[in-house]
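Chain by chain, the residues run as shown.
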Amino acid sequence: MDLTIIEKIADKYHCEILYDEPMCNYNTMKVGGNAEALIKPCSIECLSEVIAQCNEQGIRYHVIGKGSNIIVSDEGISALIIVISDDLSRIELVDENTIECEAGASLSKVCSFAHKHSLTGLEFAWGIPGSVGGAVYMNAGAYDGEMSEVVLSCDQIDINGNISTIENEDMDFSYRHSCFFDTKAVVAVVRIKLKKGDKAAIKARMDDLLIRRKTRQPLEYPSSGSTFKRPKGSYASLLIEQCGLKGTSVGGAQVSEKHSGFIINKDGASCEDIKKLVDVVKERVNSRTGYILDCEMQILED
Ligand SMILES: Cc1cc2nc3c(=O)[nH]c(=O)nc-3n(C[C@H](O)[C@H](O)[C@H](O)COP(=O)(O)OP(=O)(O)OC[C@H]3O[C@@H](n4cnc5c(N)ncnc54)[C@H](O)[C@@H]3O)c2cc1C
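Everything numeric here is computed off the predicted structure, so don't read it as measured data.

Looking at the site of the ligand
Okay, step 1: Looking at the ligand, there are 32 residues lining it, with Gly 65, Gly 130, Gly 133, Gly 134 and Gly 225 nearest.
Okay, step 2: Counting residues per element, the ones that place at least two in the shell around the ligand are β3 (61–64), α4 (132–138), β9 (141–142), β13 (186–193) and β15 (223–226).
Okay, step 3: In terms of residue count, the dominant contributor to the shell around the ligand is α4 (5 residues).
Okay, step 4: Here the shell around the ligand is composed, by residue class, of 16 nonpolar, 15 polar and 1 charged.

In structure tokens form, the structure reads like this:
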């Protein structure tokens, strides 16, 4: 992979390119081999130039945020990984009720910011460990809330590096889906519209939801959160439990004993262990219940 042009962009904007970078440090499941190269763009302009040049020069790339919904192949990946990181994480209030943040801001920091300004509506996202860009891409949600209900608009970067604004109604949001799956545009800036609320009530709701997460989810182990999407008419965790799969292991990967919707990296799991366990779960659930489970987490591989 010839990265001369990307190196020039990195030089121009003073950001680093890392070679042969261990991807286990960039996903919350903590698996995967090395990426051929990795860049953390430090401005929206830098990000748009990198995207444009990758497409123009035919350089394979993957955009990631905080890696809380991806796993990476053990063989690594021969592509440029573009990490939308803390270097792109400005958060500010642009009017009374609207927060504007760069895509690399952590969702939890945006929730804290909303609380600080007595803004209500984003409490559901407290504890979801991703970036705000990843949350929009995935239409992340929990406890009867999802990003589609609070996002006003985004600035997106298309594959040619052009920056434009897209409004909520054009984002084609549905359960764990947004238009960005299809358009391949990158979310650069997110505007979130909330309502004025009672600061203490916001905090109480956030505390309550975090306690629920800590009580029910195996947060003591690396994972990607819920491994499977909720199938229509049931719950993945319920089906998995009904099929006697709780605690089932392949290598170091295990269907969590605490929450059967989570596959965890119990003990030095490889990506292959996780993929095999996913197949075991899907096969058993399908043969016993007829339901087809779809993975929510994504696998980066060549
Ligand atoms: C313990 C735990 C609990 C979780 N709980 C929840 C939950 O309650 N609800 C929920 O919905 N999810 C949950 N998740 C999953 C995950 O946190 C969310 O999907 C999160 O929104 C992913 O954000 P990320 O920055 O980590 O994205 P990544 O994992 O880095 O990427 C996920 C996808 O988004 C794309 N992407 C990332 N950033 C951008 C961008 N700026 N522009 C375009 N595409 C982008 C990537 O290409 C990739 O396809 C949980 C995960 C963990 C580990």
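Now that the structure is up, let's keep going.
Here's the deal with the environment of Leu 122
Okay, step 1: By the secondary structure assignment, Leu 122 is in the loop between β8 (119–120) and α4.
Okay, step 2: Each C-alpha atom of the pair Leu 122 and Cys 111 lies 6.1 Å from the other, and the pair is 11 residues apart in sequence.
Okay, step 3: Setting aside residues up to four positions removed in sequence, Leu 122 forms contacts with Val 110, Cys 111, Ala 114, Val 150, Ile 192 and Leu 194.

Some details on the sheet that holds strand β17 (residues 253–255)
Okay, step 1: Spatial ordering of the open sheet is given by β15-β18-β17-β16, a layout of 4 strands whose pairing is antiparallel. Where the open sheet ends on each side, the last strands, each with one partner, are β15 and β16 (249–250).
Okay, step 2: Sheet topology places β17 next to strand β18 (residues 262–265); 3 bridges connect them, and they run antiparallel. Looking across to β18, one finds that Ala 253 is bridged to Asn 265.
Okay, step 3: Along the sheet face, helix α8 (residues 271–289) touches β16, β17 and β18 and points at about 30° away from the line of β17.

Here we look at helix α2 (residues 44–57)
An α-helical segment advances 3.6 residues per turn. Residues three or four places apart therefore align on the same side.
Okay, step 1: Between its first and last C-alpha atoms α2 spans 20 Å; for 14 residues at 1.5 Å apiece the expected length is 20 Å, and the two agree.
Okay, step 2: Every buried residue of α2 is listed here: Cys 46, Leu 47, Ser 48, Glu 49, Val 50, Ile 51 and Cys 54.
Okay, step 3: Positive backbone phi, at 70°, marks Gly 58, one or two positions downstream of α2.

Regarding the nonpolar core
Proteins that are soluble and globular tend to have nonpolar side chains buried together.
Okay, step 1: Ranked by size, the top nonpolar core spans 89 residues in total, and within it Val 110, Val 190 and Ile 274 carry the most contacts.
Okay, step 2: Sequence-distant contacts of Val 190, that is, excluding residues within four places in its chain, are made with Cys 101, Ala 103, Val 132, Gly 133, Val 136, Val 151 and Cys 154.

Regarding helix α1 (residues 4–13)
Okay, step 1: Within the span of α1, buried status applies to Ile 6, Ile 9 and Ala 10. Buried residues of α1, viewed axially, fall in a sector of 100°; they line one side. In this structure, α1 carries Thr 4, Lys 8, Asp 11 and Lys 12 as exposed residues pointing more than 90 degrees from its buried face.
Okay, step 2: Tucked into the core, α1 has its buried residues touching β1 (17–22), β2 (34–39), α2 and β5 (77–83).
Okay, step 3: Just past α1, the residue His 14 takes up positive phi, approximately 55°.

Observations regarding the domain arrangement of the chain
Frequently, the measure chosen for interface size is the accessible area removed from exposure when the parts meet.
Okay, step 1: By the assigned domains, the chain splits into domain 1 (4–85), domain 2 (89–202) and domain 3 (218–300).
Okay, step 2: On a C-alpha basis, the centres of domain 1 and domain 3 stand 28 Å from each other.
Okay, step 3: Each side of the interface is counted separately: domain 1 has 14 residues, and domain 3 has 15 residues.
Okay, step 4: Per-element accounting of the side of domain 1 that touches domain 3 gives the leading share, 3 residues, to strand β4 (residues 70–72).
Okay, step 5: The class makeup of the residues in the side of domain 1 that touches domain 3 is 6 nonpolar, 6 polar and 2 charged.

Rules behind the numbers
All chains use their own residue numbering, which begins from 1 and follows the written sequence. Where totals are concerned, whole chains, interfaces and linings use all residues; where local detail is concerned, this predicted model gives features only for residues with pLDDT of at least 70, and gives and counts side-chain atom pairs only at 80 or more. For each residue, a C-beta position is placed from the backbone atoms; the residue is near a molecule or strand when that point lies within 6 Å of it. Each helix is a run of H or I in the DSSP string that is no shorter than four residues. Each strand is a run of E no shorter than two, and both are numbered from the N terminus. Any residue that is not Ala, Val, Leu, Ile, Met, Phe, Trp, Tyr, Cys, Pro, Asp, Glu, Lys or Arg is counted as polar, Gly included; the first ten are nonpolar and the last four charged. The contact criterion used here is simple: two residues whose C-beta atoms, placed from the backbone, lie within 7 Å are in contact. Here, a strand pair is defined by DSSP locating no fewer than two bridges between the strands. Axes, fitted as lines to C-alpha atoms, cover a helix only where it is in contact. Angles between the N-to-C directions of the axes lie from 0 to 180 degrees. To estimate how far a helix should reach, multiply one less than its number of residues by 1.5 Å. Residues with at least 20 neighbouring C-beta atoms inside 10 Å of their own are called buried, those with 12 or fewer are called exposed, and the rest are partly exposed, where every C-beta is derived from the backbone. The nonpolar core criterion groups buried Ala, Val, Leu, Ile, Met, Phe, Trp, Tyr and Cys residues into a set whenever they are joined through C-beta atoms within 7 Å. Relevant arc is that of directions from the helix axis to the C-beta atoms, nothing else. What marks off one domain from the next here is an automatic or database domain assignment.

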